[in-house]
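Observations on chain architecture
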Amino acid sequence: MRVALFVTCINDTLYPRTGRAVVTLLERLGVEVGFPAEQSCCGQPQFNTGYRHATEPLALRYARVFRDYEYVVVPSGSCAAMVRDNYPRMGAKAAAEGRGGALTEAAAEAVPKTYELTEFLVDVLQVTDVGAYYPHPVTYHPTCHGLRMLGLGDRPRTLLSHVKGLELRELEGAQECCGFGGTFAVKNPAVSAAMGADKTRHIQETGAAAVCTVDNSCLMHIGGMLSRQGSTVRPVHLAEILASTEGNVL
């Protein structure tokens, strides 16, 4: 099985250890992982800010760069949702405007092979116990894109429940947004901060040592607020927990 890692902008720039954790995890499960260096942004920031035409070359690039891979694994619910949900919309819109079918073809090629990490593990590899070890109490925040656009459901929690040594603690208001929302946090800082305050309060009430999600963008927001509050709760991407073993806890 030949799989490509689409590491995403925020992971490449700010959280490279998440990408390394994905490679460690997948290779431990016998998957051959490639990393085409030509990959770039999926276009989510541009698209969400209203620059649809500026996003189109990135969608075409995505399809071209990953053309030779059977699957593309994405350690980000929001970026996976951008490809799966918005690329087809962009293609349909361009075709309706009389600008040809290139984007529609790119979406048809890219969408079926693009999987968020937990989807790939559970649905494609059909594993729920990845041999991980993480001896800490952990709470899980289901991010908006993963929850509502991808429909990840219980996949992340199922994977966490099989991690040796991990105690999964319930999070009150788990399905409520953390307040990041990409450009939403920039355009509506007061509302974003209020939502983040609610989320971090509930996180600390669990008494967990770590909070995990499938999106480092949400963890950046949550982690920043926890840090300013003087909290010792560690924000950690789910991939890092799943890549940890008894001999190497990340």
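Each remark here, short or long, concerns the structure printed above.
Residues numbered from 1 in each chain as written. Predicted model: local features only at pLDDT ≥ 70, side-chain atom pairs only at ≥ 80, totals over all residues. Heavy atoms only, no water.

**Topic: the overall build of the protein**
Tallying secondary structure elements over the protein gives 13 helices and eight strands in all. Relative to a compact globule of 250 residues, whose C-alpha radius of gyration would be 18 Å, the protein shows 18 Å and is just as compact. Across its three principal axes, the protein shows a C-alpha extent of roughly 55 × 45 × 30 Å. Across the 250 residues that make up the protein, the buried fraction comes to 49%. Counting only contacts in the protein whose residues sit at least 6 apart along the sequence, the fraction spanning at least 24 positions is 80%. Accessible surface computed for the protein: about 10,900 Å², of which carbon and sulfur atoms make up 52%. (Helix = DSSP H or I, 4+ residues; strand = E, 2+ residues; numbered from the N terminus. Rg over C-alpha atoms; globule rule 2.2 N^0.38 Å. Buried < 20%, exposed > 50% of the residue type's maximum accessible area, 1.4 Å probe, protein only. Contact = heavy atoms within 4.5 Å. Areas by Shrake-Rupley, 256 points an atom, 1.4 Å probe, with all protein chains shown as cover.)

**Comments concerning the layout of surface pockets**
Approximately 480 Å³ is the volume found for the largest pocket. Taken together, 28 residues form the lining of the largest pocket, with Gln44, Ser78, Phe180, Gly182 and Ser217 sitting closest to its centre. Looking at the lining of the largest pocket, the element that brings in the most residues is helix H12 (residues 216-228), giving four residues. Residue classes in the lining of the largest pocket are distributed as 14 nonpolar, 13 polar and one charged. (1 Å grid on protein atoms, 1.4 Å probe; cavity = no way out; pocket = protein on both sides within 12 Å on 5 of 7 lines; lining within 4 Å. Points joined across faces, edges and corners; volume = space filled by probe spheres on them. Nonpolar A, V, L, I, M, F, W, Y, C, P; charged D, E, K, R; others polar.)

**Concerning helix H2 (residues 16-28)**
Since one α-helical turn is 3.6 residues long, residues separated by three or four positions face the same way. In a regular helix each residue adds 1.5 Å, so 13 residues correspond to 18 Å; H2 covers 19 Å between its end C-alpha atoms and thus fits that length. Here H2 has its buried residues at Thr18, Gly19, Ala21, Val22, Leu25 and Leu26. For H2, the arc enclosing every buried residue in end-on projection is 160°, short of the 170-degree limit, so these residues lie on one face. Looking one or two residues past H2, glycine 30 carries a phi angle of roughly 85°, positive in sign. (Expected span 1.5 Å × (residues − 1). Arc of directions from axis to C-beta.)

**A look at the side chain of histidine 237**
Tracing the chain through its elements places histidine 237 in strand S8 (residues 234-237). Looking at histidine 237, the relative accessible area reads 1%, which means it is buried. Polar contacts involving the side chain of histidine 237 include one to the main-chain carbonyl oxygen of valine 214, which spans 3.2 Å. Engagement of the side chain of histidine 237 in a polar contact is seen with the backbone nitrogen of alanine 239, the distance being 2.9 Å. (Polar contact = N/O pair within 3.5 Å; in protein donor to acceptor, adjacent residues only side chain to side chain.)

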